[in-house]
Amino acid sequence: MAFSERGGVPSYDQLADREQARGDQAVAYEGCAADLKKGTPVDAAKMLEQKTLVTDTGVFQSFLEKYKDDELTPEKIDSIYRETIAQGVIDHHSIDQFLAGRGVRQEKCATKMAADYQGDILRVVKEKGIARVSTHADSDMDAICSSWLVKSLIDRGRLPEIGPELAELANRVDYGRFDVADPKAFAASLPGTIDAIKSELDARGREELGAVVFSRAEMKGPDGRLNPDGVKKLVEISDRYENLRNSTVFDLLNELNRAKTEDPSLDLSGSVAGAVEGMPPETRELIEAGRKKLMGSYERFVGEFAKAEKFKVRVKDKQGGELEANMIVAESPEPLSFTNLAYTRTSPDTIVAVYAGKDRKAGDNYDIGITPDMANSLDLRALCLALNGAERQAREAVYAKPPESRTEDEQKLVEGWDRMKAAGQTRKMFGDIEQRLAKGEARPEDVVDVDPTVLVAGDSLIAASRTSLLTADKFKQIARGFEAGR
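As a starting point, this report considers the structure included with it. (Residues numbered from 1 in each chain as written. Predicted model: local features only at pLDDT ≥ 70, side-chain atom pairs only at ≥ 80, totals over all residues. Heavy atoms only, no water.)

A few words now on the overall build of the protein. Scanning the protein from N- to C-terminus turns up 18 helices and ten strands. Computed over its C-alpha atoms, the radius of gyration of the protein comes to 24 Å, within 12% of the 23 Å expected for a compact globule of 486 residues. Along the three orthogonal principal directions, the C-alpha set of the protein runs to about 80 × 55 × 45 Å. Sorting the 486 residues of the protein into buried and exposed places 50% on the buried side. Residue pairs in contact within the protein that sit at least 24 positions apart in sequence constitute 70% of those at least 6 positions apart. As displayed, the protein offers around 22900 Å² of accessible surface, 50% of which is attributable to carbon and sulfur atoms. The averaged location of the 85 negative side-chain charges in the protein is 2 Å from the averaged location of its 70 positive side-chain charges. (Helix = DSSP H or I, 4+ residues; strand = E, 2+ residues; numbered from the N terminus. Rg over C-alpha atoms; globule rule 2.2 N^0.38 Å. Buried < 20%, exposed > 50% of the residue type's maximum accessible area, 1.4 Å probe, protein only. Contact = heavy atoms within 4.5 Å. Areas by Shrake-Rupley, 256 points an atom, 1.4 Å probe, with all protein chains shown as cover. Lys, Arg positive; Asp, Glu negative; His and termini not counted. Charge placed at Lys NZ, Arg CZ, Asp CG, Glu CD.)

If you want it as structure tokens, here you go:
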């Protein structure tokens, strides 16, 4: 098939020859992985030994100690970024927190670091023989785009054509400054298209897990939990969809890069629908399915976001100090969707509290989240304790009623809690609750261990118990009390 500059599809040989002539080879996903846990410290030296550079990890801060007494001039800040890259970690989160603690606000996400310090990255690639890139699981736009730029430097020795422009866009998204009100425009944008890919493949992954793992008796033990075979299959399927999500975004970025090379006037911050049209049919179908769902969710989100309460709070950090953060308190039948979309238009230091209630489509009664990257800084344990304390009071009020005075729903709840307790099906609210109790940092009356409201996802998400009794008013009252530090 002959290649047409406008809408034609070249054969693979023609495309390869054309890219080879231009030096615009597609950036391969091979050698990339999304296998790091969010909010977990990374052993940079070990990763370098494995010929791997790390991007957007969330935790790499030990090297910052030497700068604690230095005057933070622009040159000194520049040297901090260069040092973390020299150690093999292209990440901004610990640097952001360090600078903020010194009264300096700097916005430079991992993708922007890759674009701004490409020479430093190339030096590490050459000196250490780097061949691979790792980023965190459940990758966001910054994690994937920074991996794509770094892999281009490894494979091709230079950034793609869209590298600098992509870095600016990723920076806007990562620092909550991509505020697009029109749902259709958001869905057609690059951030929206990445969200569409992720959400659609997430849904397909959950469907496959349900059919292949969770609905099959042979995957579970006598207690109803997954047995070793079930866990193995869960990890296998989850990893496959993780890499499929990221590799599909790589394909999209490669297509955008080709489009930009052909048409330098292409605005990466606008619609990327034209580039999507150049992708394989199955990818176009995937994106279109995700976009349809996204537009409905986004239109509802814009209205809910406008009605949400927004205020400042003083919150503990993980080192025991205090810092100021933003808080949003909203209502939505899809709290997780609201939370994830809110991150595109709020600063990283924002706590998003969303009440769903009885009208929710599925899932939790409420969710309270921060970006996983902020979980190493903001400490949500006090808020988790306050919510569980209120849940416990509500449960005790139900238990105090004579059985004949309880509603049918209340009696079912009591019976369910009693069954779980008798079966030993208890759960920690968060990892170190016993230690906090022993130190007097938590009150016994705030602890629930049967179907509690839990702090999960690397301490970045408070997810309500399945049997939560909190009303919207009580939920908001606790959130406002958190504002006052009570």
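On we go from here.
In this section: the environment of Tyr-298. Mapped onto the elements of the fold, Tyr-298 is located in helix H13 (residues 281-307). Each C-alpha atom, one on Tyr-298 and one on Lys-476, is 23 Å from the other, the two residues being 178 residues apart in sequence. If near-sequence neighbours (up to four positions away) are discounted, Tyr-298 is found in contact with Val-180, Ala-181, Asp-182, Pro-183, Phe-186, Leu-341 and Arg-345.

Within the secondary structure, Arg-245 is located in helix H11 (residues 228-262). Relative accessible area serves as the criterion here: at 7%, Arg-245 is assigned to the buried category. Residues within four places of Arg-245 in sequence aside, it is in contact with Asp-138, Ile-197, Lys-198, Leu-201 and Asp-202.

As summarised here, the arrangement of the four strands in space is E1-E4-E2-E3, forming an open sheet in which the pairing is parallel. In this open sheet, the two strands that pair with only one neighbour each are strand E1 (32-36) and strand E3 (89-90). Pairing geometry for strand E2 (residues 52-55) and strand E4 (residues 132-136), over three bridges, is parallel. Pairing of Thr-52 across the sheet is with Arg-132, part of E4. Contacting E1 and E4, H11 crosses the sheet at an angle of about 140° to E1. (Pairing = 2+ DSSP bridges. Axes fitted to C-alpha atoms, helices over the stretch in contact; angles between N-to-C directions.)

For the rest of this paragraph, the subject is helix H15 (residues 381-400). With 20 residues, H15 extends 28 Å from end C-alpha to end C-alpha; this agrees with the ideal 28 Å at 1.5 Å per step. Restricting attention to buried positions, one finds in H15 the residues Arg-381, Leu-383, Cys-384, Leu-385, Leu-387, Asn-388, Gly-389, Ala-390, Glu-391, Arg-395 and Val-398. (Expected span 1.5 Å × (residues − 1).)

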